[in-house]
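# Inside the fold
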Amino acid sequence: MLRYLRLLIISLCLTISLVPVHAQSPNILSTSLNSSNIPKHEKLEATLDLTAIYQNPYDYRQVHIQAVFESPSSQRIQVDGFYREGYDLTNPQTGAISPNAQDGSLVRLAPHEVGNWRVKFMLKEQNGVDSTEWHSFQCTHSIRKGYIRTGTGSYLRFDNGDPYIGIGHNIAWPNTNP
C-alpha cells in the first residue's frame, strides 16, 4: 500500500510538472495625460501603467510601447514610447543623483495643429499585445514659434514661417586660438 501511494504521488507530481504554464499577457492598466489642454508645440506627456514580462525595459524586442496620434486634419502619427528611470539631483556641485519612485513608461508629443486630437496606446511583448481605446485632448493656440526647419534656399525658418537667425559667439577654442 505504501509503495502504491509513493508511485501515485510521484506520477501526480510528474503530471503537474508537464502541464504547460501560460504566461500572463501584457496589459495596459491605465494611462494619464499631463493635461487635457496642450498649447501648440508644447509637450504632451502620457504616463502608462502596465504589466509586461521583460528583462530590459529599454529593449524594443522585449517590450514595445507605441502610440498612434490622430490630428484634427486626420493625419496619423506613430510615436514610440520609452522607459524612464526617475532620479533626483542630490548634489548640484558633484552631479550626484539618487533614484526616486518616478520610474515608468512614457510617450511624448508636441502637437503641431490646433484642435481636437485623439491618441491610442499599444503594448507588445513576447506573450501578446494590448491596446487602449481612443483618448482625446485639445491643442490650443500658443505663442511658441515651433521647430526650426529648412526654408527656401539656405535659410532656416520656424514652423510658423518666421525666419531663424542664429546669432551667437563663435568661440571654438578660446584658450588655444591666437
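Residues numbered from 1 in each chain as written. Predicted model: local features only at pLDDT ≥ 70, side-chain atom pairs only at ≥ 80, totals over all residues. Heavy atoms only, no water.

### What to know about the side chain of Gln66
If you trace the backbone, Gln66 turns up in strand β4 (residues 63-70). Side chain to side chain, Gln66 and Asp80 meet in a polar contact 3.4 Å long. (Helix = DSSP H or I, 4+ residues; strand = E, 2+ residues; numbered from the N terminus. Polar contact = N/O pair within 3.5 Å; in protein donor to acceptor, adjacent residues only side chain to side chain.)

### Describing the nonpolar core
Leu48, Phe69, Val107, Trp117, Phe121 and Phe137 are the most contacted members of the largest nonpolar core, which has 20 residues in total. Within the residue set of this core, elements represented by two or more residues are β3 (44-51), β4, β5 (76-80), β9 (104-109), β10 (115-125) and β12 (135-140). When residues no more than four places from it in sequence are discounted, the contact partners of Phe137 are Leu33, Ser35, Ser36, Ile38, Leu44, Phe69, Pro111, Gly115, Asn116, Trp117 and Val119. (Core = buried A, V, L, I, M, F, W, Y, C linked by side-chain atoms within 4.5 Å. Buried < 20%, exposed > 50% of the residue type's maximum accessible area, 1.4 Å probe, protein only. Contact = heavy atoms within 4.5 Å.)

### Points about the confidence of the model for the chain
Of the residues in the chain, 82% have a pLDDT of 70 or more, and the chain-wide mean is 85. Within the model, pLDDT remains below 50 along residues 14-22, and this stretch shows 0 contacts once partners closer than five positions in the same chain are excluded. (pLDDT = per-residue confidence, 0-100.)

### Section: the side chain of His64
Its location among the elements puts His64 in strand β4. Polar contacts involving the side chain of His64 include one to the side chain of Asp80, which spans 2.9 Å. Setting aside chain neighbours within four positions, we find His64 in contact with Asp80, Met122, Leu123 and Lys124.

### Some remarks on the pairing of β3
Looking at chain direction, strand β1 (residues 27-33) and β3 are connected through 6 bridges and run antiparallel. The residue of β3 that forms the bridge with Ser30 is Asp49. With 5 bridges connecting them, β3 and β9 associate as antiparallel partners. In the sheet register, Thr47 faces β9, and the bridge partner there is Leu106. (Pairing = 2+ DSSP bridges.)

### Remarks on the sheet that holds strand β15 (residues 163-164)
If you walk across this open sheet you meet the 3 strands as β13-β14-β15, and the pairing is antiparallel. Strand pairing shows two members of the sheet lacking a second neighbour, β13 (148-150) and β15, which therefore form its edges. In this sheet, β15 lies alongside strand β14 (residues 156-158) in antiparallel orientation, the contact comprising 2 bridges. If you follow Arg157 over to β15, its bridge partner there is Pro163.

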